[in-house]
Amino acid sequence: MRTLVSPSQLRSRKGKTIYWVVLVLTLVLFTIAFLFPLYWAVTGAMKSSSELAKVPPTIVPEQWHPETYVQSWKEMDLGKYFLNTIVVAGGAWLVQLAVDVPAAYALSKLRPRLGNLVLGLMLATLMLPAAALLVPTYVTVADLGLLNSPAAIWLPAAANAFNIYLLKRFFDQIPDEIVEAATIDGAGPVRILVRIVLPMSRPILAVVSIFAVVTAWKDFIWPLLVFSDSGKQTLSVMLQRVAIDMPLNLLVAGLVLASVPMVLLFLAFQRHILAGLTAGSLKG
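Here is what the cut-offs are and how they apply
- Residues numbered from 1 in each chain as written.
- Predicted model: local features only at pLDDT ≥ 70, side-chain atom pairs only at ≥ 80, totals over all residues.
- Heavy atoms only, no water.
- Helix = DSSP H or I, 4+ residues; strand = E, 2+ residues; numbered from the N terminus.
- Rg over C-alpha atoms; globule rule 2.2 N^0.38 Å.
- Buried < 20%, exposed > 50% of the residue type's maximum accessible area, 1.4 Å probe, protein only.
- Contact = heavy atoms within 4.5 Å.
- Lys, Arg positive; Asp, Glu negative; His and termini not counted.
- Charge placed at Lys NZ, Arg CZ, Asp CG, Glu CD.
- Core = buried A, V, L, I, M, F, W, Y, C linked by side-chain atoms within 4.5 Å.
- Arc of directions from axis to C-beta.
- Expected span 1.5 Å × (residues − 1).

Across its full length, the protein holds 15 helices and 0 strands. Rg of the C-alpha trace for the protein: 24 Å, well past the compact-globule value of 19 Å for 284 residues, more than 25% over. Along the first, second and third principal axes, the C-alpha atoms of the protein reach 70 × 70 × 35 Å. Buried positions account for 32% of the 284 residues belonging to the protein. Taking contacts inside the protein between residues at least 6 apart in sequence as the whole, the part at least 24 apart equals 71%. Charge-centre separation for the protein: the mean point of 22 positive side chains lies 14 Å from the mean point of 15 negative side chains.

If you look at the biggest cluster of nonpolar residues, it comprises 26 residues, and the most contacted ones within it are Tyr69, Met76, Leu78, Leu235 and Met238. Broken down by secondary-structure element, the contributors of at least two residues to this core are helix 5 (78–110), helix 12 (202–218), helix 14 (235–242) and helix 15 (248–277). The dominant element in this core, judged by the number of residues it contributes, is helix 15, at 8 residues. The contacts of tyrosine 69, once residues within four sequence positions are left out, are Ala41, Val42, Ala45, Met46, Ala253, Val256 and Leu257. Residues Ile164, Leu167, Ile192 and Leu205 belong to the second largest nonpolar core, which totals 20 residues.

Turning to helix 4 (residues 67–75), a few remarks are in order. Looking only at helix 4, the buried set comprises Thr68, Tyr69 and Ser72. End-on view of helix 4: buried residues confined to an arc of 100 degrees, all on one side of the axis.

Turning to helix 11 (residues 189–200), a few remarks are in order. Every α-helix winds through 3.6 residues per turn, so residues three or four apart in the chain are directed the same way. Relative to the 16 Å expected for 12 residues at 1.5 Å per residue, helix 11 spans 15 Å between its end C-alpha atoms, a close match to the ideal helical length. Buried residues along helix 11 sit against helix 5, helix 9 (161–172) and helix 10 (176–184).

Printed below as a string of structure tokens:
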């Protein structure tokens, strides 16, 4: 296979030098591109409002105000809205797993009649723009009397076609011989799912869980529609609501605090996430 640089050139001193220089520069540039926005937000919250609005902006705060985070937490009552968001995101995660995992398992291992047609219809829903579903979903939720209730977030998020597809593709890689052996031993479909399939599917379950939690945590339009009671709103809606009257540095501090749980969640489960995304096949 011919590449832009031949192996003999890479083995030379000049080739090795150029290779490492390009590699280090690429890593440094990508690291700066990803970390600089985080640095800008974290340090921006510790500037005064006048310094934060200064043009040209200051890279390093002239005066550090770490107490801005404490002030932001108290003035915006972030604790209550964190709890609201945790309830919404946690419930959406549990409901999605309760619906998507059995659905994917049935399509993958139980193989019902017209299963491929059902999967195709599920995937077809991904072609619909999310905005087109807002009105009918809102009317349905309102008719059920679920407005200002976390169930208004949980139930519409329950059947996620993309997550079902991911789970099914992973379940397909589990050898049928393992399932057949468990069936011969007298295990039913539910027991096989709980005792065999799920323990082998931790990487993809981590991926689906992260997708579910992050989607519910950062969602704005749907919580804005279904939570008219300001006391039950999520962080994303509350921060937008108070943005006009709140000092800029306090608002930035609130945004940073709201993003911390998702960053920690990714750091804690990054190995499982990468393993799930790169999972290929399982050898029996």
